[in-house]
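Structural overview
Now for the letters of each chain:
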Amino acid sequence: MGLALSCVGLYGIMAYNVARRTGEVGIRMALGACPWDVAWPILREALTLAGIGVAIGLPIALALVHVIRAVFYGIEPHDPLTTTGAAVIMIAVAALAAWIPARRAAKVDPMEALRYE
């Protein structure tokens, strides 16, 4: 449940950031950038943030595993499959959460994007 909530929140934040940068996308498109040149920086930013989040969150989760083990009965303290799966899902959701709005922004007509604000 926590993973689903974090995925929805991540998508919302990335969609908001891309919508906020619509003017910048319009200027880049008007100056001749191809759609990939517009979408890649947005995707790179999302993957960087997701990587930093996983790099910070994974050691914290492993450090607090003993607290979780005391609360929940039957949970193994170091389950590499679950830990790796959650990290991979978060990075994949970050990529998808950035790619969908970035692709949508890259398809917008530059004049329409410049009039957006």
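Just so we're clear, the structure is a prediction, and the values are computed from it rather than from any experiment.

Section: the overall build of the chain
- Within the chain, the secondary structure is distributed over six helices and zero strands.
- Beginning at the N terminus, the succession of helices and strands in the chain can be written as α-α-α-α-α-α.
- At 18 Å, the chain has a C-alpha radius of gyration far larger than the 13 Å of a compact globule built from 117 residues.
- By its C-alpha atoms, the chain is 60 × 20 × 15 Å across when sized along the principal axes.
- When the 117 residues of the chain are sorted by exposure, 25% land in the buried category.
- Within the chain, contacts between residues at least 6 apart in sequence are counted, and of these 83% link residues at least 24 apart.
- Surface accessibility of the chain: about 7800 Å² in total, with carbon and sulfur atoms responsible for 71%.
- When the 9 positive and 8 negative side-chain charges of the chain are each reduced to one mean point, those points stand 2 Å apart.

Observations regarding the nonpolar core
- Met14, Val25, Val38, Ile42 and Ala98 are the most contacted members of the largest nonpolar core, which totals 14 residues.
- Leaving out residues up to four positions away in the same chain, valine 25 has contacts with Val38, Ile42, Ala105 and Ala106.

Side note on helix H5 (residues 80–106)
- Under the 1.5 Å per step criterion, the end-to-end length of H5 is 38 Å for 27 residues, consistent within 8% with the ideal 39 Å.
- Within H5 the residues assigned to the buried category are Ala87, Ala94, Ala97, Ala98, Pro101, Ala102, Ala105 and Ala106.
- In this structure, the buried side of H5 is in contact with helix H1 (2–20), helix H2 (22–30) and helix H3 (35–63).

With respect to the environment of alanine 86
- If you trace the backbone, alanine 86 turns up in helix H5.
- Along the chain, alanine 86 and tyrosine 11 lie 75 residues apart, while their C-alpha atoms are 16 Å from each other.

A look at the pattern of salt bridges
- In the structure shown here, the tally under the stated rule is three salt bridges.
- The partner of glutamate 24 in a salt bridge is arginine 21, and the shortest N-O contact between them spans 3.2 Å.
- Owing to a relative accessible area of 32%, glutamate 24 belongs among the partly exposed residues under this scheme.
- We note a salt bridge from glutamate 45 to arginine 21, for which the minimum N-O separation is 2.7 Å. In this pair, glutamate 45 sits in helix H3 while arginine 21 sits in the loop between H1 and H2, placing the two residues 24 residues apart along the sequence.
- When its relative accessible area of 18% is taken as the criterion, arginine 21 is described as buried.
- One connected set of salt bridges, linked through shared partners, spans Arg21, Glu24, Arg28 and Glu45.

Analysis parameters
- Residues numbered from 1 in each chain as written.
- Predicted model: local features only at pLDDT ≥ 70, side-chain atom pairs only at ≥ 80, totals over all residues.
- Heavy atoms only, no water.
- Helix = DSSP H or I, 4+ residues; strand = E, 2+ residues; numbered from the N terminus.
- Rg over C-alpha atoms; globule rule 2.2 N^0.38 Å.
- Buried < 20%, exposed > 50% of the residue type's maximum accessible area, 1.4 Å probe, protein only.
- Contact = heavy atoms within 4.5 Å.
- Areas by Shrake-Rupley, 256 points an atom, 1.4 Å probe, with all protein chains shown as cover.
- Lys, Arg positive; Asp, Glu negative; His and termini not counted.
- Charge placed at Lys NZ, Arg CZ, Asp CG, Glu CD.
- Core = buried A, V, L, I, M, F, W, Y, C linked by side-chain atoms within 4.5 Å.
- Expected span 1.5 Å × (residues − 1).
- Salt bridge = Lys/Arg side-chain N within 4 Å of Asp/Glu carboxyl O.

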